[in-house]
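Given next are the chains, with one letter for each unit.
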Amino acid sequence: MRRQLLEILACPVCKGGLELKAEEEDEHEVLEGALFCGRCRHEYRITEGIPDLLPPLRRCQ
Amino acid sequence: MQGERLKKSVRDRYGRIAQTEGSCCGSTPGCYSGIDQARDVARKNGYSDEDLNALPDRVNLGLGCGNPVALASLREGETVLDLGSGPGFDCLLAARRVGARGHVIGVDMTPEMVFRAREHAEEAEITNVEFRLGEIEHLPVADSSVDVIISNCVINLAIDKGQVFREAFRVLKPGGRLLISDIVLLSPLPECVRGSVDAYTGCISGAMLKQDFVDAVKKAGFQHVEIRKEVPFSLEYVISDPSTSSPVTRRILTEDGIGGTEKSIASIHLFGRKETNS
C-alpha cells in the first residue's frame, strides 16, 4: 500500500485513523508492516503490500 | 451462528474460484470453463471489446452481472471504492478511467481474490489501484473520503445489506455517487431455493426483493435513488456460474425451481447520491 492513501484508511471497527509501521518498502509502497489502531489497541498486518483489515473476531472496542 | 456460517461459505467458495482461475469444473457440463465464455458473459453484461482488450484475459472470471454503466460515468481524478472487488476486473477498468490523478481501492474479504487482483494490476501495469482485505459491512475506509462507490453483484452476498449501505453512505464525500449493480428478486423464491447455502453463495437466495433493496439504500441516507437499468437475469448464467455448479444447486434450480425462479430474478443498475449537505 502506498503511504499517500493512508489518510483515507480507517480502522474497520472504530473508524479511527491508523498509524503505519513500515517494516519493508520499495520506492512505491509499503510491502510489509502493520497498521495500528490506537483506540482499539489492535494491529492489522500488511503482507506483500496488502493490508489485512478484516475486523478482528472479537470486537476490540 | 447462521450469519458467520454463510459468510465462511461465501469466502470458501470464491477463494476456490480465485485459485482455479475461474475454470471451475473440467468435467461438469455447462459451466464457464474458458476465456471465451467469460468474455461472452462480460459482453452480454455490456462491457465493450475495448474494455475487454485492455486487460489480461485472466482478470475476467465471468463473474457478476456487470457494471459498465458505472464505469462509463467515472471522471478523471476521482477516488473510487469497489465493494467486493474480486479478481479486480472493474477496479482495473475504473483505474484507467480516473487516470493518474485518481485512485481506485478494492475491498474484498477473500484473501485469494485480493492477492490475485494485485497480481493482475501488476501484470496490466496499472499503479493507481490498491486492494485491501476487508468486509463490506465494516469498511476500513475513512468517513467522507471517496467520490464514487461501485459494486458488481456482491451486496447480495452480504449478510447485513442495510449495514453495507450505511457504510457506503459514511465513506462517500458529500455529493458522492453510489453506482452499483446487483441481483434482485421480483417475487419471493420457492422455499427449497431460499434454504440452500449453494444458492446463497451463487447470488440467488441472498438477494433482496427489488423494492426492499431500493428502500434499504434510501434508508441509509441516499437521495435521488433510481434504478437506471433492469434486465431479466437468465438462469443459464446462474447454473453455469462456477459458484453454483454443485449438483444440488443445479437440481434445485433446473428441476424443482425453474418454473418460478427464472421469472423471479433480475439484475439492476442502481444510482444514489449523498447530498452535499449530508
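Please read all numbers here as calculations on a predicted model, not as lab measurements.

Basis of the calculations
- Residues numbered from 1 in each chain as written.
- Chains lettered and ligands numbered in written order.
- Predicted model: local features only at pLDDT ≥ 70, side-chain atom pairs only at ≥ 80, totals over all residues.
- Heavy atoms only, no water.
- Helix = DSSP H or I, 4+ residues; strand = E, 2+ residues; numbered from the N terminus.
- Buried < 20%, exposed > 50% of the residue type's maximum accessible area, 1.4 Å probe, protein only.
- Contact = heavy atoms within 4.5 Å.
- Areas by Shrake-Rupley, 256 points an atom, 1.4 Å probe, with all protein chains shown as cover.
- Pairing = 2+ DSSP bridges.
- Salt bridge = Lys/Arg side-chain N within 4 Å of Asp/Glu carboxyl O.
- Disulfide = S-S within 2.5 Å.

Moving on, we come to the overall build of chain B. Secondary structure summary: chain B contains 13 helices and eight strands in total. Here chain B, with 278 residues, has 60% of them falling under the buried criterion. Restricting the contact set of chain B to residue pairs at least 6 apart, pairs at least 24 apart contribute 77%. Counting only carbon and sulfur atoms, one obtains 49% of the accessible surface of chain B, whose full area is about 10900 Å².

This brings us to the sheet that holds strand β4 (residues 50-51) of chain A. Two pairing modes exist for strands in a sheet, parallel and antiparallel, and in both the strands are linked by backbone hydrogen bonds. All names here are of chain A. Read across the open sheet, the four strands follow the order β1-β2-β3-β4; overall the sheet is antiparallel. Each edge of the sheet is formed by a strand with only one pairing partner; in this case those strands are β1 (19-25) and β4. Bridge count between strand β3 (residues 42-47) and β4: two bridges; the pairing is antiparallel. Along β4, the bridge assignment pairs Thr47 with Ile50.

Below, the discussion takes up the pattern of salt bridges. Residues and elements named next belong to chain A. Inspection of every chain in the model, using the stated rule, returns 18 salt bridges over all chains. The closest approach of N and O atoms between Glu23 and Arg45, which form a salt bridge, is 3.2 Å. Here Arg45 lies in strand β3 and Glu23 lies in strand β1, a separation of 22 residues in the sequence. Overall, the relative accessible area of 55% leaves Glu23 in the exposed class.

Of the pairings in the sheet, the one linking β1(A) to strand β2 (residues 30-37) of chain A comprises six bridges and is antiparallel in character. Note on β2(A): the bridge partner recorded for Lys21(A) is Ala34(A).

We now examine the state of the cysteines. Residue and element names in this part refer to chain A. Applying the stated criterion to the full structure yields zero disulfides over all chains. In this model Cys37 remains outside any disulfide bridge; the closest cysteine sulfur is found in Cys14, 3.5 Å from its own. Exposure remark for Cys37: the relative accessible area of 1% places this residue in the buried category.

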